Amino acid sequence: MLLQQLINGIALGSTYALIALGYTMVYGIITLINFAHGEIFMAGAFVGLLMVAKFKMNFFLAMLVAMITCMVLGVVIERIAYRPLRKSSRLSALISAIGVSIFLSSLAQMIFGADAKGFPETAFPVQQIHIGEADISTLQLLIIGVSACLMLALEFIVKKTKIGKAMRATSEDYNTAALMGINVNMIISFTFALGSALAAAGGVLVGLLFNAVSFNMGLMAGLKAFAAAVLGGIGSIPGAMLGGLLLGVTEVFGVAAGYSSYRDAIAFAILVFVLMVKPTGLLGKKIQKKV
Amino acid sequence: MGDTLQSLLGHINPYLLQIIVNIGIGIVLALGLNVITGLTGQLSLGHAAFMSIGAFTSALLTIKLGLPFSVNLLITGVVSAGVGALIGYPILRLTGDYLAICTLGFAEIVKVIFLNLEITNKAFGLSVPPPKSSIPLPIMVWVVVILAVVVVSFIHNSRFGRALKAIRGDEIAAEAMGINVARYKVQSFAIGTFLAGVGGGLYAHFISFINPSDFGFLKSIDILSMIVLGGLGSIPGSIIGAAVLSAAPEFLRFMANYRMLVYGGLLVFMMIFRPNGLMGGINFTEVFLKALGRKPHMKELKGKEELP
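Keep in mind that this is a model prediction, so the values were computed, not measured.

Caption draft 1: Quick peek at the overall build of chain A. For chain A, the count of helices and strands is 11 helices and 2 strands. Counting helices and strands in the order they occur from the N terminus, chain A gives α-α-α-α-β-β-α-α-α-α-α-α-α. Here the C-alpha radius of gyration of chain A, 19 Å, is about what a compact globule of 291 residues would show, namely 19 Å. Expressed along its principal axes, the backbone C-alpha trace of chain A runs to roughly 55 × 45 × 35 Å. The proportion of buried residues among the 291 residues of chain A is 52%. For chain A, long-range pairs separated by at least 24 residues make up 76% of all intrachain contacts whose partners lie at least 6 apart in sequence.

Dropping the structure here:
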């Protein structure tokens, strides 16, 4: 029972973590809460669904197409809605992000209709594997596996490549990085592309997990993932992973303990509690404010 | 007197009247958030939660106790402000985005609690009877609007308001100047949530059916958009922002299905071309005096604030 719930929680949590990574990376670089991120996640799920259902694509190929589409979407959004506002107040950028989010979700509602759609059953054949007392579906293994691979890839890009180094430099100090010859605009676009790709992968996986893709799935998932990012310490990549897993596991245990009607409140209750105790999140750095 | 007023209102197109009342409620809510976010600089993404606390308190006061509407609104405001201060005390220690996400989280928790409470009829929502008052509701709403504008203007230009602006400018510097930052923040939060509660009470009796899901994240964002659109920290800005955004869905109604699409696009467009809001950076005394053909005098401009 315990093992079962733990696996359910990790599967759910790794999708939260995938979305949270996008929030945390964008925040780390331009200190913007990208509220449209949840909608990119939704768009990813729809593209994946479309590829599988209409074009009879292989599931993994469909996920790849969704990731690439959302990369473009993320970069375009940044170009149109955020770049002109980089010099103005952060609140204006925030409202702009909210505008994009409303725009995208109503666009999706117009195109795909208001009801939730499911993946065809042939999309990914689900089998149950018994380990001790726990039942693990191959779907859960897939989610955990894909998330782990993507996170490792991200870790590699950020830590080992030149562009990753530039990303870290930009998030450390935007202006100094620009002075050192880093093309900051390019790095920001790249960050958006990376975050959006992860969100799209998360979207396809969540769509498959709950077998439901709808125009408003981005809102709650986005809010919870954002909570996960803040919980782990916003701006910190391992923090987002940890925060996502923690939220997923607690949520599943909360539901198992019989608080299913409080499901959406559990994540936020933990968040509020953690911030009370440790105001910078679990792995966040304490920044001493200088006068 | 109530009957005369009622018959006066009868001459106004009911649809127009509905928009006017919506605008009034929007202004009360926006002014409340303006005190917290515009004046004190504390970003709150949970304003709708206090509106829902107000709406349910006020509805229950009418249903269970049948209190007169004015007393009802006063109690409602005090209850919301009490909850606001209670919540504000611990969370206002946080700054910036951490505070924002905490208020957001709190709002979600409030929504889920209302969805599970027996007394608020769980997820089915609550029907609200007409308010116990001889004054018709539209007039009541606008009386509250005028009171709110007067009180908030007074706060803006008082010693208290200057302390709040100092906190907005720089918290550490304000503290060094001897301002009790924690106390002032909680007080400004209480004032903002008081107005949110009163706005919620008016909303509940105007719509006459309330559901916890009406007061979600998007409602908070609606109110925040009003004050940012109008220009943060400006009272005329809040009024115009609230008027534009409360009326916008009605004027966009002819587009039916494209309504929200256009609304989202407009928000982005507005922010790109007027990032400080419609009224941001405009000094109203100056504009007024210019219109009268008089040069603004320094003395008259004194005390008018500068925008961040």
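Caption draft 2: Looking closely at the overall build of chain B. Counting its secondary structure elements, chain B contains 14 helices and 2 strands. Here chain B has a C-alpha radius of gyration of 20 Å; the compact-globule value for 308 residues is 19 Å, and the two agree. When its C-alpha atoms are laid out on the principal axes, chain B stretches across 50 × 50 × 45 Å. Split into buried and exposed, the 308 residues of chain B put 48% on the buried side.

Caption draft 3: Here's a closer look at the interface of chain B and chain A. Taken together, the contact pairs 33 residues of chain B with 37 residues of chain A. Only helix H5 (96–116), helix H8 (171–176), helix H10 (217–230) and helix H12 (259–273) of chain B provide two or more residues apiece to the side of chain B that touches chain A. For the side of chain B that touches chain A, the leading source of residues is H5 of chain B, giving 11 residues. Of the residues assigned to the side of chain B that touches chain A, the class counts are 24 nonpolar, 6 polar and 3 charged.

Caption draft 4: Spatial organisation of the nonpolar core. Grouped together as the largest cluster of nonpolar side chains are 191 residues, with contacts concentrated most on Ala227 of chain A together with Val28 of chain B. Take this core: its biggest share by element is 16 residues, from helix H1 (residues 2–30) of chain A. Apart from the residues lying within four places of it in its own chain, the contact partners of Ala227 of chain A are Leu247, Ala267, Phe268 and Leu271 of chain A together with Ile101 and Gly105 of chain B.

Caption draft 5: Broad picture of the environment of Gln5 of chain A. Here Gln5 of chain A shows up in helix H1. Setting aside residues up to four positions removed in sequence, Gln5 of chain A forms contacts with Val252, Phe253 and Ala256 of chain A.

Caption draft 6: How the structure looks around the pairing of strand E2 (residues 134–137) of chain A. Residues and elements named next belong to chain A. In this structure, strand E1 (residues 128–131) lies alongside E2, joined through 4 bridges in antiparallel fashion. Bridging from a neighbouring strand, Gln128 pairs with Ser137 of E2. Connecting E1 to the antiparallel partner E2 that follows it, the hairpin turn spans 2 residues, and Gly132 within it adopts a positive phi of roughly 60 degrees.

Caption draft 7: Structural detail: the packing of helix H2 (residues 14–39) of chain B against H10 of chain B. Residues and elements named next belong to chain B. At their nearest, the axes of H2 and H10 sit 9 Å apart, and the two run at 75 degrees to each other. As far as their axial angle goes, H10 and H2 are roughly perpendicular. Facing H2, whose interface residues are Gly26, Leu29, Ala30, Leu33, Asn34, Thr37 and Gly38, H10 presents Ile223, Leu224, Met226 and Ile227. Grouping the amino acids of the contact of H2 with H10 by side-chain chemistry returns 7 nonpolar, 4 polar and no charged.

Caption draft 8: Representation of H12 of chain B within the structure. Along its 15 residues, H12 of chain B runs 21 Å from first to last C-alpha, staying within 8% of the 21 Å computed at 1.5 Å per residue. Of the residues making up H12 of chain B, those classed as buried are Tyr263, Gly264, Leu267, Val268, Met270 and Met271 of chain B. Along the axis of H12 of chain B, the buried positions cluster into a sector of 165 degrees, meaning they face one direction only. Here the buried face of H12 of chain B lies against helix H3 (59–82) and helix H4 (90–112) of chain A together with H10 and helix H11 (235–251) of chain B.

Caption draft 9: Focus on unusual backbone geometry. Residues and elements named next belong to chain A. Here the phi dihedral of Asn211 falls at roughly 50 degrees; this positive angle occurs in a residue that is not glycine. Along the polypeptide, Asn211 turns up in the loop between helix H8 (184–210) and helix H9 (217–232). Given 16 C-beta atoms within 10 Å, Asn211 falls into the partly exposed group.

Caption draft 10: Representation of the environment of Val186 of chain B. Locating Val186 of chain B in the fold gives a position in helix H9 (residues 181–207). The spacing of Val186 of chain B and Leu245 of chain B is 59 residues in sequence and 28 Å in space, taken between C-alpha atoms.

Caption draft 11: Main features of helix H6 (residues 162–172) of chain A. Residues and elements named next belong to chain A. The complete set of buried residues in H6 reads Met167, Thr170 and Ser171. On an axial view of H6, the arc spanned by its buried residues comes to 95 degrees, and they lie on one face. Looking at H6, the residues exposed on the side facing more than 90 degrees away from the buried face are Lys162 and Glu172. As for H6, its buried residues are in contact with H1, helix H5 (138–160), helix H7 (174–179) and H8.

Caption draft 12: Representation of the packing of helix H3 (residues 47–65) of chain B against H9 of chain B in the model. Residues and elements named next belong to chain B. Relative orientation of the contacting elements H3 and H9 amounts to 55 degrees, with a least axis distance of 6 Å. Comparing the axis directions of H3 and H9 gives the class oblique. The handedness of the crossing between H3 and H9 is right-handed. Every residue of H9 that contacts H3 at His47, Phe50, Met51, Ser52, Ile53, Gly54, Ala55, Thr57, Ser58 and Ala59 is listed here: Thr193, Ala196, Gly197, Val198, Gly199, Gly200, Gly201, Tyr203, Ala204 and His205. Split by residue class, the contact of H3 with H9 holds 9 nonpolar, 11 polar and no charged.

Caption draft 13: Local environment of the environment of Gly46 of chain B. All names here are of chain B. Along the polypeptide, Gly46 turns up in the loop between H2 and H3. Classification of Gly46 by C-beta neighbours within 10 Å gives buried; the count is 29. A C-alpha to C-alpha distance of 18 Å links Gly46 and Thr76, two positions 30 residues apart in sequence. In this structure Gly46 touches Thr103, Leu104, Phe106, Ala107 and Ser220, once residues within four positions along its chain are discounted.

Definitions and cut-offs
Residues numbered from 1 in each chain as written. Chains lettered and ligands numbered in written order. Predicted model: local features only at pLDDT ≥ 70, side-chain atom pairs only at ≥ 80, totals over all residues. Helix = DSSP H or I, 4+ residues; strand = E, 2+ residues; numbered from the N terminus. Rg over C-alpha atoms; globule rule 2.2 N^0.38 Å. Buried ≥ 20, exposed ≤ 12 C-beta atoms within 10 Å, placed from the backbone. Contact = placed C-beta atoms within 7 Å. Nonpolar A, V, L, I, M, F, W, Y, C, P; charged D, E, K, R; others polar. Core = buried A, V, L, I, M, F, W, Y, C linked by C-beta atoms within 7 Å. Pairing = 2+ DSSP bridges. Axes fitted to C-alpha atoms, helices over the stretch in contact; angles between N-to-C directions. Parallel < 35°, antiparallel > 145°, perpendicular 65-115°, else oblique. Expected span 1.5 Å × (residues − 1). Arc of directions from axis to C-beta. Left-handed = near helix turned anticlockwise from the far one by under 90°.

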